[in-house]
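Read off the chains here:
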Amino acid sequence: MPYSDDETDDELEVESSEGEEEAPERAPQPQVETRPTDVTWKVKANDRPYHQLPEFKKKVFLCIKKSKYSGNAIKTYKYNVITFLPLNLYEQFKRVANIYFLALLILQIIPEISTLPWYTTLIPLVIVLGITAIKDLVDDLARHRMDNEINNRKCEVLLNGRFQEAKWREIQVGDVVRLKKNDFIPADLLLLSSSNPNSLCYVETAELDGETNLKFRMGLRVTDERLQEDHQLADFNALIECEEPNNRLDKFTGMMLWDRERYPLELDNMLLRGCKIRNTDWCHGLVIFAGGDTKIMKNGGKTRFKRTKIDELMNYMVYTIFALLILVSAGLAIGHTYWYEAIGTKAWYLFDGKTQTPGYRGFLSFWGYIIVLNTMVPISLYVSVEVIRLGQSKFINWDLQMYFAEKDTPAKARTTTLNEQLGQIQYVFSDKTGTLTQNIMQFKKCTIAGRSYGTEEFFWNRYADKKFQFMDHSLVALVRSKKDKDAMEFFKLLSLCHTVMVEHKDGDLIYQAASPDEGALVTAARNFGYVFLSRTQDTMTIREMDQEMTYEMLALLDFNSDRKRMSIILKFPDGRIRLYCKGADTVIYERLSPNSKHKETTQTALDIFANETLRTLCLCYKDISAEEFEAWSRRHKEAQVTMNDREAALDAVYEQIENNLMLIGATAIEDKLQDGVPETIAKLAKADIKIWVLTGDKKETAENIGYSCSLLTDDMEIHYGEDVKDDPQAYRRGKKKTAEPFFPGSNKNALIITGGWLIDFVDMACECEAVICCRVTPKQKANVVSLVKKYKKAVTLSIGDGANDVNMIKTADIGVGISGQEGMQAVMSSDYAFAQFRYLQRLLLVHGRWSYIRMCKFLRFFFFKNFAFTLVHFWYSFFSGYSSQITFEDWFITLYNLAYSSLPVLLVGLLDQDVNDRLSLKFPKLYIPGQQGTLFNYKNFFISLFHGIFVSLIIFFIPYGAFLQTMGQDGEAPSDYQSFAVVAASSLIFIVNLQISLDTSYWTFVNCFAVLGSIAIYFGVMFDIHSAGIHVIFPSVFTFTGVSSNALRQPYLWLTIILTVGISLLPVICIQFLSKTIWPSVGDKVQRNRKKYEMELKEDDDKKKPSAFQRGRRSRRSAYAFSHAQGYADLIASGRSFRRRPQAHGGPQESIREIPRREAENI
């Protein structure tokens, strides 16, 4: 299915507003233009000066122009030696927080308003900027090394009539290059010729789409015949006209003008940069796009940035703190104005020799308090959050329980910014084929001429695939008798109407199918005696029982997700022309002839197959007269050379021949469920996660697959789209919504609906526990996700395994890719990736929940510790004439967030867990607080604020009371400001570290070390910077000489610290005890009975209870049997799909086997 890598949410919304159902009428066929006006990219072979002509220049700056054709050197790095510092600082100061602290630093340099030394802000800011800059530098150095390695690779370029070795960076558009086996392709090339017959070239596209199976590319017949020798290539002077450079990996449209003839160019003629030449000794190519214009580089652009709800909330809270800071600073500045006017002007000892008015002094005091209270906005918050997210991503990558040993595939967090969002998922949108199922197809049943057939064994056919199981004696007897023409046509169609590639190797036939369905159908025909042997550019050879037959292939009408069918037009040995077609019943029945038989019986059989969740295809044929085919063939060739919307033109031509079809029968293929799917869906449902399956299946198939995977249960009331379509209560999108629910009562509801209708029933669907959307296209999948995001403001997750799921994955808040049978396109577009659907429960219920809890706890405590620290200055201002005087020592303010209180809370954000992973899975209800956002919201923020206010009040006033009228043991009163600052700071460090200890649920040695280590670091640093030695070296910087040793030797000051800490922590202990005793949450109950539940889990492991889903019983599976990937029709029709022409087959092959696409790498 062609898809656009850069299709965004906004584009999808625009498309959805235009309506989901496409009009049945086809657009009129575009007329062939001799010279399309929209084609501006022109490439002249072997003519470098041509591309420097003025018409190909573009303005880069003022009057400076350069060629629009890029050189082949690539540049993925951001910085060089000169630009690193300014550019990196510019990027970092795009963040509002960094600009804020830079502004503070500037304010601190102004003597009149500076209340803190400049280094108290500079040191934290430099450390934060430095850490980020070092990370950026390391990343960019790696990009530099990679760029140099790639740009200096060697290849052969045709210069001055002969091939010369050149570096990739020296290649230009229009050059002819020669590549050899295992070479990487240096630019986007038009394949001209190769060492293989018909200029066939095998490429590996792993760097483009992640797939390791080989793809086929071929040159045009004319270039293959005329461009084999060096002198022929040197004389090659064709002009290529094609589309502008773009990021569409699945599409290329162009035209080659050579010797006054025009030849159409398509993607199958192109070798894209990033691919690797395989199984081809040499090939020649013409450079069409170079460097930054190549498709792989165009795909390296910006991806849509996803942000979590907590991110948005955190930003709003920082804005709230900033507003509070301004209000508090303004209030204290007003206080200073009145205080100075009432007291300051009258106190002779406060005279400073300045003639400033009270109002002006208040204005200066405002800026002074902005500086003093700046720690309310935490500078280290964003860096700490990134460290926590990085750690959580590593834990996902390292989780062995999400490692799939069969394919050696670990789970992979492809982003580090969304982990906590995994703990808030409300809707899961899942693909079916390859996601819930294995995408390994088996031919199970069929209906031929109105009669259905079941299963049979194949001992009679020594060439049968031993894995093939189809049990029905009557069909075997019918086929072997050669008396039933319908049965013979049925299997002949299966062996001829496909795009399977065949390769001869060591006497074997190796099949490579575009989809598992096609492979299963060709295998079925082979087992029934209709063996597909070989194909050439215009013939297909099969063995019909004991007779070898060759058919001339006149045209191949390939499958795509809009057509949902494919056809082949063949000329029989007796001269007859016949079209064979297979496709989904919805499109086939529309095109059947009124004279076609067995419509009703076949439809009944299709319904029965669908109820058994089998994937169905209808088979039909049409006899065509020579005159009709000739007329159609002319239109077909015209459409092939159309430059404007060639695909639509071809579809319109296909429509003209695919009509009045005669039905033969239908096939039914089984696709087994993956292990653990029913259990996973049941667990997610218990966690109040609503699961929607988006599939191309029929309604009956979709319903049965829903039951088989436990999405639908017996206690649910099933509602169907056609029943509610005309319901007057179903308010459409945009109309006023009723307060009443659509489904009154407490029953569970499920909705099965066609994709196009769902747009009108989003509210109704969102009330259901499960929704199945059948007959949806890839675009509709993305629209469904977008609608739920937009109208329900819900957190969504999409999971899929194929190219048709890419838009859905990109649209959701979180995209999960499954590395299955359909390549790696979904994985490469995803945020998280793993190999089996069952790992989703662990990703959400364990890692997602833990990440959410950890991040919420971290943020709550981070805000609390900053409020408790900063607001002590607020209380002190009432006793200092609102003069912006600081309470603590300068160095304590500098190091508080960096060294004294950062590590314990950081480790809680990384390691904390309320219950272990097994209990998290046993009790899915533990997930619900994350969906409701109860652990971090504005309520929690203000609780942290008031908690900080309370603690700051205690930290200030208890030492203040203790210092008010005291006398030390030596008769001196240590009630000076500096001793007070040391006692208050020591109390704060103990409170903060003990408070995080109370909030820690999961203790490890590292947590214990961090708490004790932070307290030890505080006292160690404090005694050092209060020592006489450092004061002698820096007398103006370290002014608290001897204060700590003098103050902390007084026992009553230690009693003051203990009293302060005790009063601060006692209310928290009491509240926690009461809440867990009187109003326990689900998590509290599980924690309380943790040991009992762990014993139960151990007993369950010992008993090894049998799974409720018995693998021995018949599986229920689904859908029309076509993948959403386009086949090899263009390649086959061009006749370039063969390494060699097959020899005449005197007898059957020694062995015939089929392998999956992913195993075809070493053909």
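Residues numbered from 1 in each chain as written. Predicted model: local features only at pLDDT ≥ 70, side-chain atom pairs only at ≥ 80, totals over all residues. Heavy atoms only, no water.

Colleague: How should I be thinking about the sheet that holds strand 1 (residues 41-44) in this particular structure?
Modeller: Backbone-to-backbone hydrogen bonds pair the strands of a sheet. The strands run either parallel or antiparallel. Reading across the sheet, the 4 strands line up as 1-10-11-12 and stay open at both edges, with antiparallel pairing between neighbours. The open sheet is flanked by strand 1 and strand 12 (261-265), the only strands paired with a single partner. When strand polarity is set aside, the average angle formed by the axes of neighbouring strands in this sheet is 20 degrees. With 4 bridges joining them, strand 10 (residues 239-242) and strand 11 (residues 254-258) adopt antiparallel strand pairing. Counterpart to I240 in the pairing with strand 11 is M256. (Pairing = 2+ DSSP bridges. Helix = DSSP H or I, 4+ residues; strand = E, 2+ residues; numbered from the N terminus. Axes fitted to C-alpha atoms, helices over the stretch in contact; angles between N-to-C directions.)

Colleague: Would you mind going over helix 28 (residues 890-900) with me for this structure?
Modeller: Since the α-helix turns once every 3.6 residues, residues separated by three or four places project in the same direction. Burial runs high along helix 28: 9 of the 11 residues are buried. For helix 28, the secondary structure elements touched by its buried residues are helix 4 (119-151), helix 27 (839-877), helix 29 (902-911), helix 33 (977-999) and helix 34 (1005-1025). (Buried < 20%, exposed > 50% of the residue type's maximum accessible area, 1.4 Å probe, protein only. Contact = heavy atoms within 4.5 Å.)

Colleague: I tried to follow the pattern of salt bridges on my own but got confused; where do I start?
Modeller: Here the idea is simple: oppositely charged side chains can pair when their charged atoms come close. Here the structure, examined in full by the defined rule, presents 40 salt bridges. Between K444 and E670 there is a salt bridge whose closest N-O contact spans 3.9 Å. Residue K444 is located in strand 18 (residues 437-448), and its partner E670 is located in strand 28 (residues 662-673); the two are separated by 226 residues in the primary sequence. We note that K444, like E670, is buried. (Salt bridge = Lys/Arg side-chain N within 4 Å of Asp/Glu carboxyl O.)

Colleague: Looking at this structure, I do not really get the packing of helix 33 against helix 34. What am I missing?
Modeller: The description of two packed helices rests on the angle between their axes and on the distance between the axes. Between helix 33 and helix 34, the least distance of the axes is 9 Å, while the angle of their chain directions is 165 degrees. Considered as vectors, helix 33 and helix 34 are oriented roughly antiparallel to each other. In this structure, helix 33 crosses over helix 34, and the sense of that crossing is right-handed. For the pair formed by helix 33 and helix 34, the contact residues are V982, A985, S986, I989, F990, N993, I996 and S997 on the first element and V1011, S1014, I1015, Y1018, F1019 and M1022 on the second. Among the residues making up the contact of helix 33 with helix 34, the classes are represented as 10 nonpolar, 4 polar and no charged. (Parallel < 35°, antiparallel > 145°, perpendicular 65-115°, else oblique. Left-handed = near helix turned anticlockwise from the far one by under 90°. Nonpolar A, V, L, I, M, F, W, Y, C, P; charged D, E, K, R; others polar.)

Colleague: Before we go on, may I ask you to explain the environment of T870 in this structure?
Modeller: With respect to the helices, strands and loops of the structure, T870 is situated in helix 27. Spatially, the C-alpha atom of T870 lies 6.1 Å from that of T375, the residues being 495 residues apart in sequence. Setting aside chain neighbours within four positions, we find T870 in contact with L373, T375 and M376. A polar contact of 3.5 Å, which involves the side chain of T870, links it to the backbone nitrogen of M376. (Polar contact = N/O pair within 3.5 Å; in protein donor to acceptor, adjacent residues only side chain to side chain.)

Colleague: Sorry if this is basic, but what is going on with the UniProt feature "binding site: Mg(2+)" (unreviewed entry) in the protein chain here?
Modeller: Following the UniProt record, one finds the feature "binding site: Mg(2+)" (unreviewed entry) at D431, T433, D801 and D805. Across 375 residues in sequence, these annotated residues keep their C-alpha atoms within 10.7 Å of one another, forming a single compact spot. With respect to the helices and strands, the residue D801 is situated in the loop between strand 33 (796-800) and helix 25 (806-811). The class of D801 is buried, set by a relative accessible area of 0%. When you line up the elements, D805 lands in the loop between strand 33 and helix 25. Using a relative accessible area of 0% as the deciding quantity, one classes D805 as buried. Among all residues touching D805, those that are not within four sequence positions of it are D431, K781 and G800. (UniProt positions renumbered as here; feature names shortened; annotations may be inferred.)

Colleague: Where do I start with the nonpolar core in this structure?
Modeller: One recurring pattern in soluble globular proteins is that nonpolar side chains are buried together. Core analysis: the biggest nonpolar cluster contains 92 residues, and L381, F858, L859, F863, F888, F892 and L988 have the highest contact counts within it. Element by element, the count of residues in this core is highest for helix 27, at 17 residues. No fewer than three residues from each of domain 1 (69-150) and domain 3 (309-378 + 850-914 + 945-1067) sit in this core. What F863 contacts, discounting residues up to four positions off in sequence, is M317, I321, P378, L381, F936, F941 and S944. A45, L189, M256 and L271 belong to the second largest nonpolar core, which has 53 residues in total. (Core = buried A, V, L, I, M, F, W, Y, C linked by side-chain atoms within 4.5 Å. Domains from an automatic or database assignment.)

Colleague: Please explain the sheet that holds strand 16 (residues 412-413) as it appears in this structure.
Modeller: If you walk across this open sheet you meet the 9 strands as 16-35-34-33-17-29-32-31-30, and the pairing is mixed. Each edge of the sheet is formed by a strand with only one pairing partner; in this case those strands are strand 16 and strand 30 (716-720). Here strand 34 (residues 814-818) runs beside strand 35 (residues 832-834); their pairing, made up of 3 bridges, is parallel. Looking at strand 35, one finds that V816 is bridged to Y832.

Colleague: Would you mind showing me how to read a nonpolar patch on the surface here?
Modeller: A cluster of nonpolar residues, V60, F61, L62 and I64, forms a patch on the protein surface that exposes about 410 Å² of accessible area. Looking at the element boundaries, L62 is found in the loop between strand 2 (57-61) and strand 3 (64-67). Relative accessible area serves as the criterion here: at 61%, L62 is assigned to the exposed category. (Patch = residues over 30% accessible without salt bridge, like charges linked within 9 Å, V, L, I, M, F, W, Y side chains within 5 Å. Areas by Shrake-Rupley, 256 points an atom, 1.4 Å probe, with all protein chains shown as cover.)

Colleague: Got a minute to help me understand the packing of helix 17 (residues 626-640) against helix 18 (residues 646-657) in this structure?
Modeller: One way to put it is that helix 17 packs onto helix 18 with a least axis distance of 9 Å and a crossing angle of 170 degrees. When the axis of helix 17 is compared with that of helix 18, the two are roughly antiparallel. Between helix 17 and helix 18, the contacting residues are E628, W632, R635, H636, A639 and Q640 on the first element and R646, A649, L650, V653, Y654, Q656 and I657 on the second. Here the residues of the contact of helix 17 with helix 18 are counted per class, giving 7 nonpolar, 3 polar and 3 charged.

Colleague: Explain the pairing of strand 30 to me, please; I cannot follow it from the model alone.
Modeller: Put simply, side chains in a regular strand alternate between the two faces of the sheet. Of all 5 residues in strand 30, 4 are buried; the element is thus mostly enclosed. Judged from the 5 bridges that link them, strand 30 and strand 31 (residues 748-754) form a sheet pairing that is parallel. Its bridge partner lying in strand 31, E717 is registered against N749.

Colleague: Explain the packing of aromatic side chains here, please?
Modeller: Aromatic ring pairs: the centre-centre distance and the angle between the two ring planes describe each pair. Considering all chains together, one arrives at 62 aromatic pairs under this definition. Between F869 and Y896 the ring centres are 4.2 Å apart and the planes differ by 25 degrees, which places this aromatic pair in the stacked class. Remark: Y896 occurs in helix 28 and F869 occurs in helix 27; sequence separation between them is 27 residues. For F869, a relative accessible area of 0% corresponds to the buried category. (Phe/Tyr/Trp six-rings, centres within 6.5 Å; stacked < 30°, edge-to-face > 60°.)

Colleague: What exactly am I supposed to notice about the confidence of the model for the protein chain here?
Modeller: Low-confidence regions, as indicated by low pLDDT, have predicted coordinates that should not be scrutinised in detail. Residue-level pLDDT values for the protein chain average 81, and 84% of them are 70 or greater. Across the protein chain, the secondary-structure element scoring lowest on mean pLDDT is strand 36 (residues 1151-1154), at 38, and the one scoring highest is helix 27, at 94. In this model, residues 1-37 is a region of pLDDT below 50 whose contacts with residues beyond four sequence positions or in other chains number 71 contacts. Below a pLDDT of 50 lies the segment residues 456-460, which in the model reaches 19 contacts outside its immediate sequence neighbourhood of four places, other chains included. (pLDDT = per-residue confidence, 0-100.)

Colleague: Teacher, can you tell me more about helix 18 here?
Modeller: For helix 18, spanning 12 residues, the distance from its first C-alpha to its last is 17 Å, which sits close to the expected 16 Å at 1.5 Å a residue. For helix 18, every residue scored as buried is listed here: R646, A649, L650, D651, A652, V653, Y654 and I657. (Expected span 1.5 Å × (residues − 1).)

Colleague: What is the right way to look at the side chain of Q836 in this model?
Modeller: Relative to the elements of secondary structure, Q836 occurs in the loop between strand 35 and helix 27. Separated by 3.0 Å, the side chains of Q836 and R838 make a polar contact. Filtering out sequence-adjacent residues up to four positions away, Q836 remains in contact with F404, Q674, D675 and I818.

Colleague: Any chance you could explain the state of the cysteines here in plain terms?
Modeller: What is meant by a disulfide is a covalent connection between two cysteines, made through their sulfur atoms. Under the counting rule described, the total for this entry stands at 0 disulfides. Of all cysteine sulfurs in the structure, the one in C773 sits closest to C774, which takes part in no disulfide; the separation is 7.6 Å. (Disulfide = S-S within 2.5 Å.)

Colleague: What's the story with the side chain of T253 in this structure? I'm lost.
Modeller: Within the secondary structure, T253 sits in the loop between strand 10 and strand 11. We classify T253 as buried; its relative accessible area is 10%. Every residue in contact with T253, bar those within four places of it in the chain, is listed here: C242, E243, L265, M643 and R646.

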